[in-house]
Amino acid sequence: MYALTERPSLPLTLPPASRDTRRRHVGATVLEDGAVQRFNALLAQLEANAPAVSADQLVTLARWLQDQPAPQAVALLSERLGRAEHLRRMLHDSDWEVDADLRDRARMLISYLQQVDDLIPDDQPLLGQLDDALLVELAWPAFAAQTQDYGDFCRFRAIQRPRGTAGERRLAWENACLAEVALLQQRRQMRARPYAGVAPLPERLRVV
């Protein structure tokens, strides 16, 4: 309804797992086993189906990122961090309800992003935000549906300016969504309905 057509995200794909355990340098940072394990433990809390990340995969991803044109690399990281900012706004919006479990996980994600000295320290140019962006990317399936609904609600609220309490404004948005779904179903039914009772057109007159 009020959802915008989103531009496809630039890819941030975790490389295939490797048995190589020797590569551990990301820029000036050495990826210690304990730090990688803590990163994976947090990731599993945020999204149970997310894959574990190895030091070698991070090294490969970091080298790939450095090979990208600078504007594209910055945009790739900024897009993920922008998702987290959208999530933060959702948590602080009194008009929107978030269940306790999702709220706790969102806070854990945001808390990690606010750390400076995390898996890859943030003071490293470009690479310092790679672990933050990767965490958002791999954990995002846990938050995608809720943040998409919230974005739709925000656009509805900005355009329609519904009145009343927070609950009444959400109800107005939900009713608008239901009305839109009903209209779409009606249109589909009309397109699928065969034309009946229409007499065949007469043959064209021929001039002899």
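Our structure's up above, just so we're on the same page.
From a predicted model like this one, the values you see are computed outputs, not experimental measurements.

Engineer: Report on the overall build of the chain, specifying residues and quantitative values.
Structural biologist: Counting secondary structure elements, the chain contains seven helices and two strands. Each helix and strand of the chain, ordered N terminal to C terminal, gives the series β-β-α-α-α-α-α-α-α. Counting only residues that meet the buried cut, the chain has 38% of its 208 residues in that class. For the chain, the proportion of contacts with a sequence separation of at least 24, taken over those separated by at least 6, is 74%. Carbon together with sulfur atoms contributes 53% to the accessible area of the chain, which is approximately 13600 Å² in total.

Engineer: So what's going on with the side chain of Gln 68? Which residues, and what values?
Structural biologist: You can see Gln 68 is positioned in the loop between α2 (55–67) and α3 (70–91). Here the side chain of Gln 68 touches Gln 72 through a polar contact of 3.5 Å, side chain to side chain.

Engineer: Residue-level account of the nonpolar core, with values.
Structural biologist: Membership of the largest hydrophobic core comes to 50 residues, with the highest contact counts inside it found for Leu 31, Val 53, Leu 109, Leu 119, Leu 130, Leu 135 and Phe 143. Setting aside residues up to four positions removed in sequence, Leu 135 forms contacts with Phe 39, Leu 42, Leu 43, Leu 46, Leu 109 and Tyr 112.

Engineer: Break down unusual backbone geometry for me, with residues and values.
Structural biologist: Glycine aside, a negative phi is what most residues show, and trans is what most peptide bonds show. With a phi angle near 65°, Leu 126 is a residue other than glycine that sits in the positive phi range. With respect to the helices and strands, Leu 126 occurs in the loop between α4 (100–114) and α5 (130–139).

Engineer: Give a description of the environment of Arg 80 that names residues and reports values.
Structural biologist: Assignment of secondary structure puts Arg 80 in helix α3. Put simply, Arg 80 and Leu 134 are 54 residues apart on the chain and 8.0 Å apart in space, counted from C-alpha to C-alpha.

Engineer: Pulling in residues and values, what's your account of α2?
Structural biologist: With 13 residues, α2 extends 19 Å from end C-alpha to end C-alpha; this agrees with the ideal 18 Å at 1.5 Å per step. Along α2, the positions that sit buried rather than exposed are Ala 55, Asp 56, Gln 57, Leu 58, Val 59, Leu 61, Ala 62 and Leu 65. In this structure, the buried side of α2 is in contact with β1 (25–26), α1 (33–46), α3 and α5.

Engineer: Account for the packing of aromatic side chains, with residues named and values stated.
Structural biologist: Tallied over the entire structure, the rule returns six aromatic pairs. With 6.0 Å between their ring centres and 50° between their planes, Trp 140 and Phe 143 make a pair best called tilted. For the pair formed by Trp 140 and Phe 143, the shared burial category is buried. Ring-pair connections join several aromatic residues into one group, and the members of that group are Trp 96, Tyr 150, Phe 153 and Trp 173.

The rules we used
Residue numbers run consecutively from 1 along every chain, following the written order of its sequence. Where local features are concerned, this predicted model is filtered to residues with pLDDT of at least 70; where side-chain atom pairs are given and counted, the filter is 80 or more; whole-chain, interface and lining totals use all residues. No hydrogens and no water enter the side-chain calculation; it runs on all heavy atoms of the structure. Helix and strand assignments follow DSSP, with helices taken as H or I runs no shorter than four residues and strands as E runs no shorter than two, numbered in order from the N terminus. Under the scheme applied here, a residue whose accessible area is under 20% of the maximum for its type counts as buried, over 50% as exposed, and between as partly exposed, the area being computed with a 1.4 Å probe on protein chains only. Contacts are assigned to residue pairs with any non-hydrogen atoms lying within 4.5 Å of each other. Here the open area of atoms and residues is found with the Shrake-Rupley method and a 1.4 Å probe, where only the protein chains shown may cover a residue. Polar contacts, as counted here, are pairs of nitrogen or oxygen atoms within 3.5 Å of one another; within protein the pair requires one atom able to donate a hydrogen and one able to accept it, and residues that are adjacent in sequence qualify only if both atoms are side-chain atoms. Throughout this description, the term nonpolar core refers to a set of buried Ala, Val, Leu, Ile, Met, Phe, Trp, Tyr and Cys residues connected via side-chain atoms within 4.5 Å. Multiply 1.5 Å by the residue count of a helix minus one, and that product is the helix's expected span. The rule is short: rings of Phe, Tyr and Trp, with Trp giving its six-membered ring, pair when the centres are within 6.5 Å, and they are stacked under 30 degrees, edge-to-face over 60, tilted in between.

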